[in-house]
Structure formats: structure tokens, C-alpha cells
Amino acid sequence: MTDTLETSAAPEGAAEAAAPAQGETRRLFIKTYGCQMNVYDSERMADVLRPLGYAMTDAPEAADFVILNTCHIRERAAEKVYSELGKIKQMREAKAARGEGGMTIAVAGCVAQAEGEEIMKRQPAVDLVVGPQAYHQLPELLTRTARARGERIGADFAPNEKFDALPVAREANGVTAFLTVQEGCDKFCTFCVVPYTRGAEWSRPVQAILDEARALVDRGVREITLLGQNVNAFDGEGSDGRPWSLARLAYALAEIQGLDRIRYTTSHPNDMSDDLIAAYADLDALMPYLHLPVQSGSDRILRLMNRKHGRQKYLDLIARIREARPDMAMAGDFIVGFPGETERDFEDTLDVVRQVNYAQAFSFAYSPRPGTPASTMAAHVDPAVAQDRLHRLQALLFEQQAGFNRAQVGRTLPVLFERKGRRDRQAVGRSPYLQGVHVDGADHLMGQIVPVTITDNTLTSLTGVVAD
């Protein structure tokens, strides 16, 4: 369905920029906030607008169409959007004053879905607001915006309508690419807005995914990261008419000639199935790096979070994964200062971190998201206490990450070179464990997977030389 707000005359400088004349090139600027799925969505927005004559630009002040693709996970996400909108409004006014034509402004993504009507009221410069399930309608919206402003297109469309409308052929901006296979989440963790902004879990048909993957490989992509809010819950319909698991999809992708690496994110412990664990032992293409959030090491806090698993189940799962793939590098997510968290609960989290020994992790102090159950819970933790716990947790996580990177020194790892480095003839690639690897004199190896002997490390990256 379409949720349409009251319309009014288009702001000066907006309408004439909305729909380019046939054959005319227009400049498109997209700013992406948040997760990898938003990166994928931004790329697909560019794909649907390309036939209308829109080409990407890195200069928002010169753009004819500006899209802010927003994320609603962190606190003050919406305020950051309003701040950015104020700057873009000034850019539009300056562009019009220079006689360089108009600029259409759109807000997309999860903030758009959660606060669409409020956005239109607070910032009249916005021409349209589009939810994450409706960006395939941008060409139609641009035509409408040329006549009137003030439409909000929500996320009430079925996801299959969006994906059916997207072109299979995509622009490949390098040798790695994201590919969305699943959207939405049914877990309803009490701190999370995703079920309310992205909707219920839905998986794309297998054939559509394979077609998109082959098209990417034909354009030079060698590594694909499968995306989903809860990607290991994937159950898309296969060629046999039955739901396929993520593991079965990975086996099919591994058969595509030229696709050398497969990754996926983000996962939930309850959906880490036996066949997916077994796939790590069978598929060399499935990289030995797994992002598996636990959020807390306290059983009591996990219950309050509605995670539906305990600490021991999580630790047992890590042990089984490492048994299948001994070189597995683990990544995780942690929230400290959740309502009701005590020092004992926090110590339980530190204990889980010590037992798992993470190669990388993301950690945050809890921030309430409006509309989530946790936002109305009692016993909120004092912000100063939460920040102290966050600093202590991060000190341990950074120590583990640095230790993991140090352990790579002296090893020879296969590195997929993706881009040029800052120094002359330097190339930067990725190890199987997702670390950035810098190699001098390797710019001629772009797009290749090459053995590199690691000679040095920092907290976030490695340095090496091409092995003989």
C-alpha cells in the first residue's frame, strides 16, 4: 500500500531537478548510514535510477538528486539526519543561486520508515520519504515530485515486489560485492527496532540470488557477502519448490566458476544450523570468519533481551563451529548497561569474551529506541556506569583483536587485492579473516588472490610482502 501525506507546491529548485529529460545526464549523490544492507540498498537505488540518466557523484553540492539512506539502530540517528538535511538545504539554495538548476532531496531507509511523517513536518526541504521496501519506486516518485511534494512511501510493500522490480544486472564497483538474500527479523529482541522498520523475515528465491551472483561474477566480482538482518534464518524457495537453508545456498554459490569467496552477515545463534556448521568443513570458499552476536554474557540479561538462548548454548555453539573449522575467527556484538544490568552481569559478559577470544567485535552502551520494550523497562543503568563498563569491555576486546592480528605475523595468507593504497604502487586487500592487508609494489595484482607473507600488524590491519 502507499501511505501518502498532504501535498503542497514543490520548493523552489526542487521540481525542475526531479525528472531529467530523455538522454540528459543528472548527478546523483547517496549518503549511506549504518549496516551493509544499507550499502546494498544504496547501490540498488543507483541501479534503478541509472536508466533515467542519473550518474553517481561524490559532490552533494552539485547533485541534482540527493538521497540520505538512513539507519535507526543507534541513539540520535534521526537527529544526525536532520543536521545533514539542514546542510543539504543550504547546498540546494546555493546551487539555485548559482543558476545551476534544482536539487531533489529524499530520505530513505529505516529512519524514513519510523519517522517519515515527522521528517516531512520538521524539514520542509525534503521532497519525498521512502521506506526500505519501496525504493524500487523511486523513478515513479521522481515523476510525481516534479508536480507536487510531500509523499511518503512506506515499507508496507511485500519485499518480493521490490526485488522483482530491481534489475538483475548491477554495477560492480570492484572485486567484492554485497548481495541481500534475506530481510526482516522475527526475533523481537527487546532493544531492537529492526522488526518494526524492516518487517517480518522474508527470503528471496534461490534462483534470483544465483542469477544476481552470476551477473556480479561476470563483472569481475570474486567475493560476495550475503546479507540479511538474520541471514542464517534464510529459507528461500529452491528449484525443487522447497525451502533451502543458507548452507544449501552456499554450496550452490560455491559452484559458480570465478566466485572464490563467500561470506555472510548478520547471524543469530539460534539459527546456526548443523548443515551450516558442516559447510565450513566442506567449502573452502566459505571464509573462516563468522560474525555471531551474543550481546551479553549474563543469562539474566539475555532473558530480559528476549534473546531466546543462554550463555552456555552460545559457548557450546562456538566450540562446535571451531571443531568444524579450527582456524575460525569469531566476531561479535555486545551491549553494556542494559536496563537492570549489575556488575555481576557485566562480569559474566567479560567471562564470555575471555572464553571465546574474539578477532573483532562491536560494542555499545545501551541506548533506548522509542517503541521497543526495553525503552520502558525500569532500573536503567546510570550513563556514567555504562560508559565505564564499555571502556573496560573495549579494552579487553581491543587486546584480543591486537593479539589475533599479531598472531598472523609470519604466516602466509591468501589475500584478495581490492584497491590501491595510499603509497605509490601499494595495494590493499583482504585476508580470509577480513583484515585489511597492505602490500607495497603490488598494484599490478588488483583483483587477484595472491599468497602474502605477513610481516607486521596494527590493531586494525596487516602489512606483508608477496610470497615467492
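Here is a short report on the structure shown in this document. (Residues numbered from 1 in each chain as written. Predicted model: local features only at pLDDT ≥ 70, side-chain atom pairs only at ≥ 80, totals over all residues. Heavy atoms only, no water.)

## Some details on the environment of G447
In step 1: On the secondary structure map, G447 appears in the loop between β18 (436-439) and β19 (449-457).
In step 2: A relative accessible area of 16% means that G447 is categorised as buried.
In step 3: Beyond its immediate stretch of four places on either side in the chain, G447 contacts V175, R222, L416 and F417. (Helix = DSSP H or I, 4+ residues; strand = E, 2+ residues; numbered from the N terminus. Buried < 20%, exposed > 50% of the residue type's maximum accessible area, 1.4 Å probe, protein only. Contact = heavy atoms within 4.5 Å.)

## Thoughts on the pattern of salt bridges
It is possible for side chains of opposite charge to pair when their charged atoms get near one another.
In step 1: The final tally for this structure, using the stated rule, is 28 salt bridges.
In step 2: For D47, the salt bridge identified is with R44, shortest N-O distance 2.8 Å. Taken together, the residues span about one helical turn, with D47 and R44 both in helix α2 (residues 36-49) at a distance of 3 residues.
In step 3: The network of salt bridges with common partners includes E341, E343, E347, D388, R389 and R392. (Salt bridge = Lys/Arg side-chain N within 4 Å of Asp/Glu carboxyl O.)

## Looking at the nonpolar core
In step 1: Within the largest apolar cluster, 59 residues are counted, with the highest numbers of intra-cluster contacts made by L226, L249, Y264, M272 and Y358.
In step 2: Core analysis: the next-biggest nonpolar cluster, separate from the first, contains 21 residues, Y54, I67, L141 and L142 among them. (Core = buried A, V, L, I, M, F, W, Y, C linked by side-chain atoms within 4.5 Å.)

## Quick look at the sheet that holds strand β17 (residues 427-430)
In step 1: Spatial strand order, β16-β17-β18-β20-β19: 5 strands in a closed barrel with mixed pairing. Strand-to-strand twist across the sheet, computed as the mean angle between neighbouring axes with direction ignored, equals 55°.
In step 2: Across 4 bridges, the pairing between strand β16 (residues 412-420) and β17 is antiparallel. Within the sheet, the bridge partner assigned to K420 lies in β17 and is A427. (Pairing = 2+ DSSP bridges. Axes fitted to C-alpha atoms, helices over the stretch in contact; angles between N-to-C directions.)

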